Amino acid sequence: QVSAPSTTNMAAPFLFEDQDILSDIDDGFAEAEQQLATKSEIEVDEDLYTNAVMSMLSPADTLATRLFAMLLIITVAFLQVVLTGAIRTHVNVAMGLSPHESVKTKSMHELYDDLRHEGRLQYIRLEKKDVTQLCGDFQYNLNEQQLPGTNWTAHFEYSKVPVNNWKAWDIPPTDRSDLDTARFVLENKEYMSVYLIVSFVWILTIINEVRMILQFMLAVCQMRVVYGDDKVIRKEDEDFRIVAFTWSAKVMGLACVVYRLFICMFITVVGCQFLMWTSTNIELILNALALTFVLELDHITYKATISRSRQNLISKLKPLTWSDPVGFSSRHPNVSKLVMMISVLGSGAFVTWLLRDKQHDAYRDMFALVAATCLFQGPTPGYWSQFHATFPAPGLCETLLELKCEAPIVGESGRPCVEDWEGQRLCKFYVRTDSMFSTWSSIDWMRQGPCVAYPDGKGPYPVMSLDIKDDRSTFSILANVCQRMYQQQPMIMFQGKQRYATGPRIRVYPYKEFTPAAPFWCGYKGGADAVLTRYKPAPFRTWRQRLKTCRSTTLVYSSKTNSASSSSWVGSEETQMEANKVAKLNNMTKPTRGAFNGIWLSKTWGVVVISQNGDKAMLSNPNLPYSPQKASVNGGNITLDDLDIKGELKAGKIYLSGANVMSDNIVLVSQADEIKNIETKRKQKKHRRRRQPFVIFIR
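Here we summarise the structure given alongside this text. Predicted model, so just to flag it, every value in this text is computed and none were measured.

### What about the overall build of the chain?
Line of reasoning, step 1. Counting its regular elements, the chain contains 18 helices and 25 strands.
Line of reasoning, step 2. Looking at the 699 residues of the chain, the share that counts as buried comes to 45%.
Line of reasoning, step 3. Intrachain contacts of the chain at a sequence separation of at least 6 include 64% that bridge at least 24 residues.
Line of reasoning, step 4. Carbon and sulfur atoms form 57% of the exposed surface of the chain, whose accessible area is close to 36800 Å².

Right under this line is the structure:
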């Protein structure tokens, strides 16, 4: 009988042999590691420093060859120092926040120092280009339609360009303002991850470079020195091994070690600053590659300039040997491996964390400085007057709180206010009056004020009822400060009289550039000065608590005075300009030029301006298809030439009729008569209030 061989008996010897082989391999690894722990090796770098050492070792190299090798090292050293210095200059001047070197930071600190001058600024305010660079680009739109939920005849709103939101990571890097950049670096998690990775790899690159330099230094120091004709290189198989150094080679090697340590530390410090002030993801990677290029410049020059025969010889050199001067790695090989990995990775992670912490602190200071400038250094309502108050940049708070604000369609000249902010006083101030041409009577001052909010497109909501999360983010801090500065029932002190439910609706950039704005301001003393501390602003997370007193702040206009030192008006030239405008308006409305000449008021059409000259007239009103319209006058009748509209003057009022009137009950009354009636009513009320105490006394 023939039986099948037993698989168990066959497998046993093979398993035994495999175990012997693995045991031999383990013994080989242990022996190899023990030998390397006693005597370590370092690969010979193919760079200019090795070439200079080889030129000192080779008796065939002439003096000119050796000088050329040293000249190459000096040239590369010069290039590395120049390039690193250029990066350092760029960081200090254009990127960093050093108050002594950075041009951008100097201008910021100058604006901040001017702002702390008790808020009494007349000309030193942010210009339009400053607002765009520091705070963002804000543009407003005028909508000549009634806003649902209000009684307004028109409203304006701001939008943030190019992306109408405050998510800094949605804005292209080239369009970000300084405020957006600071918020992006502080809060964007993707940027934080990229920065930590790039910085960690950069630190590991420096650690590897330092290790290679120190190992090369040990190999050079421990290499024996020969004299005379003793051989310094020995051939082993197809390779070569350096067995000894000459004194000139050893001095050259140590000189290279000193320079390499210097340039490595220099690039490390500058590189960390360079990466710290880099504010975009892709630029972090590109800048890290640029730093590596500067660090590897000696290898690039070596490949380009050294002869092929010398490069072949250096490539065939066996590693240099060196031994641990302490002997720790030979006595504790396993512990030394763990200590090396933990120390390298731990030190790299610790330095990276320190760099991020320093970057966070620097950009936090930058955000506080820029935010304080944007919130409190905005243009004032009038260039001709000083204000003991601070104003945000127009559009900043409006976009943060997503506001829509009331705006009159026309002013006293009949032109839209958005087209002529400067020439019409009615467009500049909320006027508390019972006059028919006032649009402020449509504002619910108690529940809404002149603005309503539309958070996430929903609304309208009163600004003061917005529930802004106090999550300590930069957006919530800015929004909370703006809510503190909002004046729902604005009050002003003008020419010694306090007026309620009134206030400026514009801001004037330098060089008379007018723009609409919501009533945001905060008094300086007892208000904004709690944030605007000396040297730099207070920590921005405390602003919400420090600015509690900003609400219900009376805006004080400086009055005209003859004292040159205390006068806040521009001077006689500005006063004369205002007088000329008033005189021009009075001449235009004089009835001597015709019965229809003047400013007429209507509850339906608003302000209608008629300029009459004999039997010809011009009629201005935004409800017309185009304005002004030509008209003809015949006695007590006026007819528009291009429209089917006629007017008849009866008892000081104009009754309009025709197919294009759009209503059957349009009656125009004289503005002059309305003003006289209002003044008469006020005098009567004032007279009755004065007599009342005497009446009570007699009773």
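### Brief notes about unusual backbone geometry
Line of reasoning, step 1. Note that the residue after valine 161, namely proline 162, is joined by a cis bond; omega there is 5°.
Line of reasoning, step 2. If you trace the backbone, proline 162 turns up in the loop between strand 4 (155-161) and helix 6 (178-187).
Line of reasoning, step 3. One non-glycine residue with positive phi stands out, namely serine 552, at about 55°.
Line of reasoning, step 4. The exposure class of serine 552 is exposed, given its relative accessible area of 57%.
Line of reasoning, step 5. Of note, alanine 651 is a non-glycine position whose phi angle comes to about 50°, a positive value.
Line of reasoning, step 6. Structurally, alanine 651 can be placed in the loop between strand 23 (646-650) and strand 24 (653-657).

### Observations concerning the state of the cysteines
Line of reasoning, step 1. Tallied over the full model, the rule gives four disulfides.
Line of reasoning, step 2. Each disulfide pairs two cysteine sulfurs, and for cysteine 135 the partner residue is cysteine 374, the sulfurs being separated by 2.0 Å. Judged by the sign of its S-S torsion, about -100°, the bond between cysteine 135 and cysteine 374 is left-handed. Taken together, the positions of cysteine 135 in the loop between helix 5 (128-134) and strand 3 (137-143) and cysteine 374 in helix 13 (residues 333-376) put the pair 239 residues apart, joining distant regions of the chain.
Line of reasoning, step 3. By relative accessible area, which is 0% here, cysteine 135 ends up buried.
Line of reasoning, step 4. In this structure cysteine 374 comes out as buried when scored by relative accessible area, which is 0%.

### A look at the pattern of salt bridges
Line of reasoning, step 1. On inspection of all chains with the given rule, the structure shows 12 salt bridges.
Line of reasoning, step 2. A salt bridge links glutamate 209 to arginine 260; the shortest N-O distance between them is 3.5 Å. Here glutamate 209, found in helix 7 (residues 189-222), pairs with arginine 260, found in helix 8 (residues 247-276); they are 51 residues apart in sequence, far enough to count as distant. In this structure, glutamate 209 and arginine 260 share a single accessibility class: buried.
Line of reasoning, step 3. Between arginine 364 and aspartate 361 there is a salt bridge, with its nearest N and O atoms 3.0 Å apart. Here arginine 364 and its partner aspartate 361 are both found in helix 13, three residues apart, which amounts to about one turn of the helix.
Line of reasoning, step 4. Take aspartate 361: its relative accessible area is 27%, and that puts it in the partly exposed class.

### Some remarks on the nonpolar core
Line of reasoning, step 1. Leu375, Phe376, Leu396, Leu401, Phe520 and Trp543 are the most contacted members of the largest nonpolar core, which has 122 residues in total.
Line of reasoning, step 2. With sequence-adjacent residues up to four places away left out, tryptophan 543 is seen in contact with Ala368, Ala371, Ala372, Leu375, Val481, Val531, Pro537 and Ala538.
Line of reasoning, step 3. One finds Trp605, Ala617, Leu640 and Ile645 within the second-largest nonpolar core, a separate group that totals 18 residues.

### Observations concerning the environment of threonine 553
Line of reasoning, step 1. As for its position among the elements, threonine 553 is in the loop between helix 16 (543-546) and strand 17 (554-556).
Line of reasoning, step 2. By relative accessible area, which is 13% here, threonine 553 ends up buried.
Line of reasoning, step 3. Dropping the residues within four chain positions of it, threonine 553 is found in contact with Gln487, Met491, Trp521, Cys522 and Gly523.
Line of reasoning, step 4. For threonine 553, the side chain forms a polar contact with the main-chain oxygen of cysteine 550, separated by 2.5 Å.

### Digging into the sheet that holds strand 17
Line of reasoning, step 1. Here we have three strands laid out as an open sheet, ordered 13-12-17, and mixed in their pairing. Each having just a single partner strand, strand 13 (497-499) and strand 17 make up the two edges of the open sheet. When the angles between neighbouring strand axes are averaged without regard to direction, this sheet yields 25°.
Line of reasoning, step 2. With three bridges connecting them, strand 12 (residues 491-494) and strand 17 associate as parallel partners. By the bridge assignment for strand 17, methionine 493 is matched with valine 556.

### Quick word on the packing of aromatic side chains
Line of reasoning, step 1. The final tally for this structure, using the stated rule, is 13 aromatic pairs.
Line of reasoning, step 2. Aromatic pair phenylalanine 262 and phenylalanine 266: ring centres 6.1 Å apart, planes at 20°, arrangement stacked. Note that phenylalanine 262 and phenylalanine 266 are positioned in helix 8 at a spacing of four residues, about one turn of the helix.
Line of reasoning, step 3. Residue classification places phenylalanine 262 among the partly exposed positions, given a relative accessible area of 47%.
Line of reasoning, step 4. You can call phenylalanine 266 partly exposed: its relative accessible area is 23%.
Line of reasoning, step 5. Ring pairing ties together the aromatic residues Tyr140, Phe156 and Tyr158, which thus form one cluster.
Line of reasoning, step 6. The cationic tip of lysine 160 hangs over the ring face of tryptophan 166; the distance from NZ or CZ to the ring centre is 4.8 Å.
Line of reasoning, step 7. The ring of phenylalanine 184 has arginine 176 sitting right over it, with the charged end atom 4.0 Å from the ring centre.

### Some points on helix 9 (residues 281-295)
Line of reasoning, step 1. Taking 1.5 Å of rise per residue, 15 residues should cover 21 Å, and helix 9 covers 22 Å from first to last C-alpha, within 8% of that figure.
Line of reasoning, step 2. For helix 9, every residue scored as buried is listed here: Asn281, Leu284, Asn287, Ala288, Leu291, Val294 and Leu295. Looking down the long axis of helix 9, one finds its buried residues gathered within 135° of arc, a one-sided arrangement. Of the residues in helix 9, the exposed ones pointing more than 90 degrees away from the buried face are Ile282 and Leu289.
Line of reasoning, step 3. Tucked into the core, helix 9 has its buried residues touching helix 3 (63-95), helix 6, helix 7, helix 8 and helix 10 (297-305).

### Let's talk about a nonpolar patch on the surface
Line of reasoning, step 1. Judged by side-chain polarity, Ile282, Ile285, Leu286 and Leu289 come together as a nonpolar surface patch covering roughly 390 Å² of accessible area.
Line of reasoning, step 2. Its location among the elements puts isoleucine 285 in helix 9.

Parameters and conventions
- Residues numbered from 1 in each chain as written.
- Predicted model: local features only at pLDDT ≥ 70, side-chain atom pairs only at ≥ 80, totals over all residues.
- Heavy atoms only, no water.
- Helix = DSSP H or I, 4+ residues; strand = E, 2+ residues; numbered from the N terminus.
- Buried < 20%, exposed > 50% of the residue type's maximum accessible area, 1.4 Å probe, protein only.
- Contact = heavy atoms within 4.5 Å.
- Areas by Shrake-Rupley, 256 points an atom, 1.4 Å probe, with all protein chains shown as cover.
- Disulfide = S-S within 2.5 Å.
- Salt bridge = Lys/Arg side-chain N within 4 Å of Asp/Glu carboxyl O.
- Core = buried A, V, L, I, M, F, W, Y, C linked by side-chain atoms within 4.5 Å.
- Polar contact = N/O pair within 3.5 Å; in protein donor to acceptor, adjacent residues only side chain to side chain.
- Pairing = 2+ DSSP bridges.
- Axes fitted to C-alpha atoms, helices over the stretch in contact; angles between N-to-C directions.
- Phe/Tyr/Trp six-rings, centres within 6.5 Å; stacked < 30°, edge-to-face > 60°.
- Lys NZ or Arg CZ within 6 Å of the ring centre and 35° of its normal.
- Expected span 1.5 Å × (residues − 1).
- Arc of directions from axis to C-beta.
- Patch = residues over 30% accessible without salt bridge, like charges linked within 9 Å, V, L, I, M, F, W, Y side chains within 5 Å.

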